[in-house]
Amino acid sequence: MTVPGIGPINALAFHSAIDEPSRFRRSRSVGAYFGLSPRRHASGEVDWTGRISKRGDTMVRTYPFEAAGVLLTRVQHGELDSLSPS
């Protein structure tokens with residue numbers, strides 16, 4: 001299965017940043033490693049959830065964002081149906 005905008009550069013950046021996948025117990029940990037988890041602040045009665053933390057490799061966060069832009073702007077509606085799981 002291929003996704004428009006995701007190619008060898010995205011794959012190489014992700015692969016080189018992860019290096020050893022076995023060090024992550026859950027996929028959620030990978031998102032946190034790249035700074036894709038929301039920032040949280042909890043103190044007493046205050047529980048605040050903010051923007052993504054933006055920790056980790058900037059390029060690994062940027063490439064999927066660019067691929068999503070390609071998907072939304074350059075792919076025709078009929079092509080999107082083939083991307084959904086059956």
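Structure: above.
What this report covers is the structure whose coordinates are included nearby. These figures come from a predicted structure and were not determined experimentally.

1. Quick word on the pattern of salt bridges
Throughout the structure, instances matching the rule amount to 1 salt bridge. One salt bridge in this structure joins aspartate 47 and arginine 40, with 2.8 Å as the shortest N-O distance. Judged by relative accessible area, aspartate 47 falls into the exposed class, the value being 53%.

2. Focus on the nonpolar core
Ala13, Ala17, Ile18, Phe24, Val30, Phe34 and Val60 together form the largest nonpolar core, which totals 7 residues. Those residues in contact with phenylalanine 34 that lie beyond four places of it in its chain are Phe14, Ala17, Ile18, Arg55, Gly56, Asp57, Val60 and Arg61.

3. Some words on helix α1 (residues 8-18)
The complete set of buried residues in α1 reads Asn10, Ala13, Ala17 and Ile18. In a view along the axis of α1, the buried residues occupy a sector of 120°, so they form one face of it. Opposite the packed face of α1, turned more than 90 degrees from it, sit the exposed residues Pro8, Leu12, His15 and Ser16. Tucked inside the fold, the buried residues of α1 contact α2 (27-33) and α3 (58-74). Just downstream of α1, aspartate 19 is the residue with a positive phi angle, here 60°.

What counts and what doesn't
- Residues numbered from 1 in each chain as written.
- Predicted model: local features only at pLDDT ≥ 70, side-chain atom pairs only at ≥ 80, totals over all residues.
- Heavy atoms only, no water.
- Salt bridge = Lys/Arg side-chain N within 4 Å of Asp/Glu carboxyl O.
- Buried < 20%, exposed > 50% of the residue type's maximum accessible area, 1.4 Å probe, protein only.
- Core = buried A, V, L, I, M, F, W, Y, C linked by side-chain atoms within 4.5 Å.
- Contact = heavy atoms within 4.5 Å.
- Helix = DSSP H or I, 4+ residues; strand = E, 2+ residues; numbered from the N terminus.
- Arc of directions from axis to C-beta.

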